[in-house]
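# Architecture at a glance
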Amino acid sequence: MRVSELASKESRVTNHSDATPQYVITAENLTKRYGDVTAVDSISFRVPAGEAFGLLGPNGAGKSTTMKMIGGVSQRTSGSLHIMGLDPEQHGPEVRAHLGVVPQQDNLDEELKVRDNLLVYGRYFGLPMSYLKPKADELLEFAQLTDKAKSKVDALSGGMKRRLTIARSLINEPRILLLDEPTTGLDPQARHILWDRLFRLKEQGVTLILTTHYMDEAEQLCDRLIVVDKGKIMAEGSPASLIREYSTREVLELRFGSERNASIGAELEGIGERLETLPDRVLIYAHDGEAALEQVTARGLRPVTSLVRRSSLEDVFLRLTGRSLVD
Ligand SMILES: Nc1ncnc2c1ncn2[C@@H]1O[C@H](COP(=O)(O)OP(=O)(O)OP(=O)(O)O)[C@@H](O)[C@H]1O
Ligand SMILES: [Mg+2]
């Protein structure tokens, strides 16, 4: 019998159309303090089965701390938390049987070969070899690492290690996958391969909980997300709804040179709906960016470069906190 069948026979979540949605994770006023530092400050959220749910925020926002509490490896200071209806502090092993965990730092066994990493990890769950061997091969195929099965882990690239960590997290066929910064530090191609794999898991109905400080990753992968900063939830919604609520349709980015960017604001007054001055550029928030640019040039202003683009979650974050996501 497979571990997911063993563990989740009673509590497998099914969505009945006539019932209220079933949540696989509920957090209420979840708080974690380290001494004087409040890493997670009374956050509440609920995640329905099958959703890709994101925590988007800058360094130190409390993302990993939240993930560790969900994963049952960090005790909360206060508040409540339930995974498949169970408190991870009371029911650690049962909760862990539902979860796949991809920590922020890969913690693969560098000494072991790629395939053996999967087998050894599976043994921690008490899974029999008769299950693990074909499962390991299936997961290596999924992670596009079949030809690396016999390589040592330290010979893998960063992207391959990340895929192996994800493969390893799937060994117990979890219904919920926790991904802490799945693509940080990877090049664009490696990120796209990973995103594709995560999409496939989502298609299979796996609930994805992921943290990121990349707005494009959040926009690509998340059905819904919370924007977190300094341990608090600043906003919650789908990427599109957050952009609608907190930004304009388009943004005009202007560069006037590092000397002038800071002082040009007064001369741009009245163009667009809102103006943000960053050290390297000025952002004009407007429904129609080209029209805004015409107004700029009509005033005799000549930016060194100009760019019209769609609003993104980066703009949402800037609006909410006055800061950039990536510093
Ligand atoms: N074990 C710990 N002991 C003391 N303080 C901690 C500990 N772990 C985290 N913190 C603090 O809690 C806050 C939140 O940290 P956390 O790692 O959750 O942030 P994060 O959003 O994951 O950031 P990053 O994007 O850098 O990974 C930070 O101020 C951090 O210094
Ligand atoms: Mg982190």
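Residues numbered from 1 in each chain as written. Chains lettered and ligands numbered in written order. Predicted model: local features only at pLDDT ≥ 70, side-chain atom pairs only at ≥ 80, totals over all residues. Heavy atoms only, no water.

### Observations regarding the coordination of the magnesium ion (ligand 2)
Taken together, the protein donors to the magnesium ion (ligand 2) comprise Ser64 (OG) and Gln104 (OE1), at separations of 2.0 to 2.2 Å. One end of the pair, Ser64, is in helix H2 (residues 63-70); the other, Gln104, is in the loop between strand E5 (99-102) and helix H4 (114-124), and 40 residues separate them in sequence. (Donors = N, O, S within 2.8 Å, 3.2 Å for Na, K, Ca; no water. Helix = DSSP H or I, 4+ residues; strand = E, 2+ residues; numbered from the N terminus.)

### Points about the sheet that holds strand E2 (residues 37-48)
Consider a sheet: its strands pair through backbone hydrogen bonds, and that pairing is either parallel or antiparallel. Strand order across the open sheet formed by three strands is E2-E1-E4, with antiparallel pairing between neighbours. Each edge of the sheet is formed by a strand with only one pairing partner; in this case those strands are E2 and strand E4 (78-83). Direction aside, the axes of adjacent strands within the sheet are offset by 15 degrees on average. As paired elements, strand E1 (residues 23-34) and E4 share five bridges and run antiparallel to each other. Along E4, the bridge assignment pairs Thr26 with His82. (Pairing = 2+ DSSP bridges. Axes fitted to C-alpha atoms, helices over the stretch in contact; angles between N-to-C directions.)

### Considerations on H4
All buried positions along H4 are accounted for by Val114, Asn117, Leu118, Leu119, Tyr121 and Gly122. Packing partners of the buried residues in H4 comprise helix H5 (129-142) and helix H6 (158-169). Residue Gly126 follows H4 closely and has a positive phi angle near 75 degrees. (Buried < 20%, exposed > 50% of the residue type's maximum accessible area, 1.4 Å probe, protein only. Contact = heavy atoms within 4.5 Å.)

### Here we look at the pattern of salt bridges
In the structure shown here, the tally under the stated rule is 24 salt bridges. For Glu253, the salt bridge identified is with Arg309, shortest N-O distance 2.6 Å. Of this pair, Glu253 sits in strand E10 (residues 250-255) while Arg309 sits in strand E13 (residues 305-310), and the two are 56 residues apart along the sequence. A relative accessible area of 9% means that Glu253 is categorised as buried. Its salt-bridge partner being Glu276, residue Arg274 comes within 2.7 Å of it at the nearest N-O pair. Judged by its relative accessible area of 16%, Glu276 is buried. (Salt bridge = Lys/Arg side-chain N within 4 Å of Asp/Glu carboxyl O.)

### Points about the environment of Gly159
Along the chain, the position of Gly159 falls in helix H6. With 30 residues separating them along the chain, Gly159 and Gln189 place their C-alpha atoms 9.1 Å apart. In contact with Gly159, not counting residues within four places along its chain, are Leu186 and Ala190.

### Observations regarding the domain arrangement of the protein
Segmenting the protein into domains produces domain 1 (3-238) and domain 2 (248-310). The C-alpha centroid of domain 2 is placed 40 Å from the C-alpha centroid of domain 1. (Domains from an automatic or database assignment.)

### Quick look at the sheet that holds strand E6 (residues 176-180)
Read from one edge of the open sheet, six strands run E5-E6-E7-E3-E8-E9, paired in mixed fashion. At either end of the open sheet lies a strand with only one pairing partner, and these are E5 and strand E9 (232-237). This sheet shows a mean twist of 15 degrees between the axes of neighbouring strands, independent of strand direction. Across the face of the sheet, H6 comes into contact with E5 and E6 while running at roughly 165 degrees to E5.

### What to know about the site of ligand 1
Neighbouring ligand 1 are 14 residues, the closest being Asn59, Gly60, Lys63, Ser64 and Thr65. Interatomic distance of 2.8 Å between a backbone N/O atom of Gly60 and an oxygen atom of ligand 1. The side chain of Thr65 places a nitrogen or oxygen atom 2.5 Å from an oxygen atom of ligand 1. Every element with two or more residues in the shell around ligand 1 is listed here: E2 and H2. Top contributing element to the shell around ligand 1 by residue count: H2, with three residues. (Near = heavy atom within 4 Å. Polar contact = N/O pair within 3.5 Å; in protein donor to acceptor, adjacent residues only side chain to side chain.)

### Quick look at the pairing of E1
As paired elements, E1 and E2 share eight bridges and run antiparallel to each other. Among the inter-strand pairings, Arg33 is bridged to a residue of E2, identified as Thr38. Between E1 and E2, which pair antiparallel and follow one another directly, the connecting turn spans two residues, one of which, Gly35, has a positive phi of 60 degrees.

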